[in-house]
Amino acid sequence: MTLPSTQQPAIASTQHEDRVSIQPDFRWDEQASYLFDIDGTLLRCRDRIHVSSFFSGVRSVMGQELVLDGVILSGNTDPGILRDAFRIAKLEDHHWQPHLEGILESMRLEVAARRGEMQINVMPGVEDTLAYLKDKGAALGVATGNLEAIGWLKIEFVGLRDWFTFGGFSDRYIDRADMIGHAAELARAQAGPDATVCVVGDTPSDISAARANGLPTIAVATGSFSFDDLMKHEPEVCATSLAALLRATPQSTR
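Summary of the structure given here. Sequence order as written defines residue numbering, which begins from 1 separately in each chain. The predicted origin of the model limits local features to residues at a pLDDT of at least 70 and limits the giving and counting of side-chain atom pairs to 80 or more, whereas totals for whole chains, interfaces and linings rest on all residues. Side-chain measures were taken over the full set of non-hydrogen atoms in the model, leaving aside hydrogen atoms and water.

### Side note on helix 6 (residues 148–157)
Then, in step 1: Taken together, the buried positions of helix 6 are occupied by Ile-150, Gly-151, Trp-152, Leu-153, Lys-154 and Ile-155.
Then, in step 2: For the purposes of this entry, the term helix denotes a DSSP run of H or I that reaches at least four residues, the term strand denotes a run of E that reaches at least two, and both are numbered from the N terminus. Looking at the residues trailing helix 6, positive phi occurs at Gly-159, about 80°. Relative accessible area decides the class of each residue, using a 1.4 Å probe on protein chains only: under 20% of the type maximum gives buried, over 50% gives exposed, and in between gives partly exposed.

Below you can see the structure in the form of structure tokens.
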């Protein structure tokens, strides 16, 4: 969809690599609460511990090998990844659904047991953005396709846990939109029933899940999708990174 010229988003470039687009009249830093995705948004795992837990979980619980070829991982949920893999393998729901919780518990235990092997980096501008929004009085939470035990473990590992007072996870939600809806309820429980809630993520799935719940999105190209890829889905804000977004915000002193 092409916007009329008077409604085109403002696109700024404050450094050579920075690209930032903000829809007119959207104040990205004046929302009451923010829901941050984890992988690709807050941090990047350089190990494959989480991914490996899918294979070992299915092997230990169901006694068969999992194949993830053709399964979309970025923007999916942990239960959604398993569902998609089983469906591609043409396994009927009644064959795998009774085993789902056992597989998920196996994944939680394996990731926790291998904590010492984790290699995780925090994405550019994350801590400065969290500090900036916290200083403005926003309620900060996470909304992620990770299982709760795994998501918090990653955040604790890189020292970000104290920024967040609540979180929405995929333990009970296969579809990301449902997980986002639950996380938004938690956000409003803290910030007030009429509080504005903004999703921060790095995939088109974050944008569509937010939109399904009537929420705006800040999309950052720090994951698997480029700035141009994300712009096609018309998020309220799109930036090459949270650091770039801060640099393009005049009132930010960070």
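After that view, the rundown keeps rolling.
### Topic: the pairing of strand 6 (residues 139–143)
Then, in step 1: Summarising burial for strand 6: 5 of the 5 residues are buried, a large majority.
Then, in step 2: Here strand 6 shows two buried faces, one formed by Ala-139, Gly-141 and Ala-143 and the other by Leu-140 and Val-142.
Then, in step 3: Of the pairings in the sheet, the one linking strand 3 (residues 33–36) to strand 6 comprises 4 bridges and is parallel in character. Note that in strand 6 the partner of Phe-36 across the bridge is Val-142.
Then, in step 4: Pairing geometry for strand 6 and strand 7 (residues 166–168), over 3 bridges, is parallel. Paired with Val-142 across the two strands is Gly-167, which belongs to strand 7.
Then, in step 5: Regarding topology, helix 6 serves as the crossover connection from strand 6 to the parallel strand 7, and that connection is right-handed. Two strands pair if DSSP finds at least two bridges between them. Orient the strands so they point away from the viewer, and a crossover whose first-strand-to-second-strand path over the helix runs clockwise is right-handed.

### Comments concerning the packing of aromatic side chains
Then, in step 1: Working definition: rings of Phe, Tyr and Trp (its six-membered ring) pair if their centres are within 6.5 Å, and the pair is stacked with planes under 30 degrees apart, edge-to-face with planes over 60 apart, and tilted otherwise. A full pass over the atoms with the stated rule returns 4 aromatic pairs.
Then, in step 2: Ring centres 6.1 Å apart and planes at 65° place the aromatic pair Phe-36 and Phe-164 in the edge-to-face group. One end of the pair, Phe-36, is in strand 3; the other, Phe-164, is in the loop between helix 6 and strand 7, with 128 residues separating them in the sequence. Both residues of the pair, Phe-36 and Phe-164, belong to the buried class.
Then, in step 3: Just above the ring of Trp-152 sits the side chain of Arg-161; from NZ or CZ to the centre is 3.7 Å. Only Lys NZ and Arg CZ are tested; either one counts as a charge over a ring when it is within 6 Å of the ring centre and within 35 degrees of the ring normal.

### Side note on the packing of helix 1 (residues 49–62) against helix 4 (residues 100–113)
Then, in step 1: Where helix 1 contacts helix 4, the axes come no closer than 8 Å and their chain directions differ by 135°. Relative to helix 4, helix 1 is oriented oblique. Where helix 1 crosses over helix 4, the two elements pack in a sense that is right-handed. Across the interface between the two elements, Ile-49, His-50, Ser-52, Ser-53, Phe-54, Ser-56, Gly-57, Val-58, Ser-60, Val-61 and Met-62 from helix 1 touch Gly-102, Ile-103, Ser-106, Met-107, Glu-110 and Val-111 from helix 4.
Then, in step 2: Residue composition of the contact of helix 1 with helix 4, grouped by class: 8 nonpolar, 8 polar and 1 charged. Angles shown run from 0 to 180 degrees and are taken between the N-to-C directions of axes, each axis being a line fitted to C-alpha atoms and, for helices, limited to the stretch in contact. For this classification, under 35 degrees means roughly parallel, over 145 means roughly antiparallel, 65 to 115 means roughly perpendicular, and everything else is oblique. Take the far helix as your reference; a near helix turned counterclockwise from it by less than a right angle gives a left-handed crossing, and one turned clockwise gives a right-handed crossing. We call two residues in contact whenever any of their non-hydrogen atoms come within 4.5 Å of each other. Residues are grouped as follows: Ala, Val, Leu, Ile, Met, Phe, Trp, Tyr, Cys and Pro are nonpolar; Asp, Glu, Lys and Arg are charged; every other residue, Gly included, is polar.

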